[in-house]
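Here are the chains, one letter per residue:
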Amino acid sequence: MKSLNFDNQFTGQLPADADTGSQRKQLKDALFARVNPTSVCAPTLIHYSEDAAQLLGLSPEDCASEEFLQVFAGNKQLQGMDAHATCYGGHQFGNWAGQLGDGRAINLGEVALGDKHLMLQLKGAGPTPFSRTADGLAVLRSSLREYLCSEAMHYLGVPTTRALSLITTGEDVVRDMLYDGNAAPEKGAVVCRLSSSFVRFGHFQMLAARQELDLLKEFTDFVIQREFPQLDNLAEDAKGTYIAWFEEVCNRTADLMVHWMRVGFVHGVMNTDNMSILGETIDYGPYGWLEGFDPNWTPNTTDAGQRRYRYGQQPAIGQWNLMQLANSILPLIEDPKPLEDALTAYVTRYEAGWQKTMTAKLGLKAYDKDLTDRLLTLLTVSETDMTLFFRALAGITENTQQPFTTLEHCYYTLELLSDADKTQLKTWLADYLKVAKTQGQSDEVRAVLMNQTNPKYVLRNYLSQIAIDSAEAGDYAKVDELLQALKRPYDEQPKYEHLAAKRPEWARNKAGCSMLSCSS
Ligand code: AMP
Ligand code: MG
């Protein structure tokens, strides 16, 4: 395999714990601990992402090599790697949880790529000092979900960590999938993830909670210099730089929320330890995709009571999480005002982004509040497939004979739609076409804009489950097919038409499709 050039600035510049190995401990005065992946007996490469590999300059031949398999299964380390797990804390479901850390993620090292860099991270490669009472492992089911969704999000144009490889370990991992006392062995797997940085809000929170303010400053300076070089030394003083940096994190988080809302993605576990400082989607657990448009929907059964992380609440939770980050860095700035202002600006930015997105989703030239609000209400009247609806809407013009008929397939139970509901929708459609005309938007331009904004192919919950079921039986063809389709989510791809279909009835209440727990 081609050699990789590691510069490891994270481990080179920040303080390490004095101990190495996976002995559980609470860290002090350190950001990470050195720990090696645990070897596995029979690794098998299930899939790799050619495009992610290319970011590292790895060719298909490199990825097919025995060395690639051994390295990304955690059995071998390359010259220059510096394996470690990092320490962070976080608010879980609104409550401070203390030290969490990379309990089943091991960073192998940072690859230098000109003015960029990528951290290689194995997920599921064995215990670390942060594994608490757990095993540091991951099962095929959840690894496949992470692998598929990170690449799908990338192709949708949503900021995300990337996935390089999916490898089964040949070893069983016992999991109680629905937390109902039915623990069973499942296939173990390791995913290699890539990102410029896996730093989370929780890293800053942990240092603030330990009241290690010198280290908090050193770490923040490091993160800014390393990941936000455009902001480094931009302001007159250090405080100005921290404020500019916090504003940037707010902006990126707002933009990420707009993307999630646009494509109908529900993260499911927006704890502060799952919030990337880069504004990337990170930690794919019990996430899901909206089928019927329902602002109250969450795929995470662990959150079913409170629904804290439901679709419609994600932007507000983004702000709540940013507030926790603001609290952590307040000692560096000493004045809460600029941080409060940035949190207020987050709302403005999100709202502006959302209006722009809704304008594009409707293919219009200018935002129409009344039209948008009415549609979002109409979509909740009866279970309406969000993805299918916006694609179908793009094809409707003044010349469409029976516009409502072209939308019928978007409803899960058409019979439940009353005549009054249908009339409202027909009125809305007529108003919509009128608005487009008044704005001077042609049908052609409108359709192009809509189809660039509204994906046809998303990682529908039941599609991942079909791919998982066949992968667990040893057949990976469906994984590959799904990834091929998801590479061009905005294009019509007749041979993958079946992967754009709405959820079949068997998947309505099936575990893994609409119900997911944190067990992974
Ligand atoms: P998550 O909700 O998956 O983001 O995980 C929350 C915390 O639990 C993180 O600190 C994870 O590293 C840790 N964790 C989750 N699963 C495991 C596992 N199987 N072994 C060790 N730590 C885990
Ligand atoms: Mg996590």
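Just so you know, these numbers come straight off a predicted model, no measurement behind them.

Cut-offs applied
- Residues numbered from 1 in each chain as written.
- Chains lettered and ligands numbered in written order.
- Predicted model: local features only at pLDDT ≥ 70, side-chain atom pairs only at ≥ 80, totals over all residues.
- Heavy atoms only, no water.
- Domains from an automatic or database assignment.
- Contact = heavy atoms within 4.5 Å.
- Buried area = accessible area lost by both parts, 1.4 Å probe.
- Polar contact = N/O pair within 3.5 Å; in protein donor to acceptor, adjacent residues only side chain to side chain.
- Helix = DSSP H or I, 4+ residues; strand = E, 2+ residues; numbered from the N terminus.
- Near = heavy atom within 4 Å.
- Areas by Shrake-Rupley, 256 points an atom, 1.4 Å probe, with all protein chains shown as cover.
- Nonpolar A, V, L, I, M, F, W, Y, C, P; charged D, E, K, R; others polar.
- Axes fitted to C-alpha atoms, helices over the stretch in contact; angles between N-to-C directions.
- Parallel < 35°, antiparallel > 145°, perpendicular 65-115°, else oblique.
- Buried < 20%, exposed > 50% of the residue type's maximum accessible area, 1.4 Å probe, protein only.
- Salt bridge = Lys/Arg side-chain N within 4 Å of Asp/Glu carboxyl O.

Description of the domain arrangement of the chain
Many structure descriptions define interface size as the accessible area lost when the parts assemble. Segmenting the chain into domains produces domain 1 (9–198), domain 2 (234–360) and domain 3 (362–520). In this structure, domain 1 and domain 3 have C-alpha centres spaced 34 Å apart. With 27 residues of domain 1 at the interface, the matching set in domain 3 holds 24 residues. Buried area between domain 1 and domain 3, summed over both chains or domains, comes out near 2300 Å², and the portion from carbon and sulfur atoms is 68%. Seen at the junction of domain 1 and domain 3, the total is 10 residue pairs in polar contact (both at pLDDT 80 or more). The set of elements that each furnish at least two residues to the side of domain 1 that touches domain 3 consists of strand S3 (44–48), helix H5 (140–156), strand S9 (162–175) and strand S10 (184–195). When residues in the side of domain 1 that touches domain 3 are grouped by element, the largest group, 12 residues, is from H5.

As for the site of ligand 1
Neighbouring ligand 1 are 17 residues; Gly101, Gly103, Arg132, Gly136 and Asn274 lie closest to it. Within the backbone of Gly101, one N or O atom sits 2.7 Å away from an oxygen atom of ligand 1. Within the side chain of Arg175, a nitrogen or oxygen atom sits 3.3 Å from a nitrogen atom of ligand 1. Its free accessible area being 480 Å², ligand 1 has 81% of it covered by the protein chains. For the shell around ligand 1, the class distribution of residues is 4 nonpolar, 6 polar and 7 charged. Two domains share the shell around ligand 1, each providing at least three of its residues, namely domain 1 (9–198) and domain 2 (234–360).

Some words on the packing of helix H7 (residues 213–227) against helix H9 (residues 314–333)
Axes are the key here: two packed helices are described by the angle between their axes and the distance separating the axes. Axis separation between H7 and H9 bottoms out at 10 Å; the angle between their running directions is 100°. Considering their axes alone, H7 and H9 lie roughly perpendicular with respect to each other. Residues Leu213, Leu216, Lys217 and Thr220 of H7 lie in contact with H9, whose contacting residues are Ser328, Pro331 and Leu332. Partitioned by chemical class, the residues of the contact of H7 with H9 number 4 nonpolar, 2 polar and 1 charged.

Considering the packing of helix H15 (residues 461–472) against helix H16 (residues 477–486)
Viewed as axis vectors pointing N to C, H15 and H16 meet at an angle of 150°, and their least axial separation amounts to 8 Å. Taken together, the axis directions place H15 and H16 in an arrangement best described as roughly antiparallel. Contacts between H15 and H16 involve Leu463, Ser464, Ile466, Ala467, Ser470 and Ala471 from the first element and Lys478, Val479 and Leu482 from the second.

Thoughts on unusual backbone geometry
The phi torsion at Phe93 lies on the positive side, around 50°, for a residue other than glycine. The topology assignment puts Phe93 in the loop between strand S5 (89–92) and strand S6 (95–99). Unusually for a residue other than glycine, Glu334 sits at a positive phi of about 70°. Examined against the element boundaries, Glu334 turns out to sit in the loop between H9 and helix H10 (336–361). With a relative accessible area of 59%, Glu334 lands in the exposed category.

Digging into the side chain of Thr253
Residue placement: Thr253 occurs in helix H8 (residues 238–263). The buried category is assigned to Thr253, whose relative accessible area is 2%. In contact with Thr253, not counting residues within four places along its chain, are Phe201, Met275, Gly318, Leu322 and Tyr346.

Here we look at the environment of Ser442
You can see Ser442 is positioned in the loop between helix H13 (419–438) and helix H14 (443–453). Between the C-alpha atom of Ser442 and that of Gln79, which follows or precedes it by 363 residues, the distance is 58 Å.

Description of the pattern of salt bridges
A pair can form between side chains of opposite charge whenever their charged atoms are brought close. By the definition in use, this model includes 35 salt bridges. The partner of Arg374 in a salt bridge is Asp370, with the nearest N and O atoms 3.3 Å apart. Taken together, the residues Arg374 and Asp370, both in helix H11 (residues 369–381) and 4 residues apart, mark about one turn of the helix. Exposure remark for Asp370: the relative accessible area of 46% places this residue in the partly exposed category.

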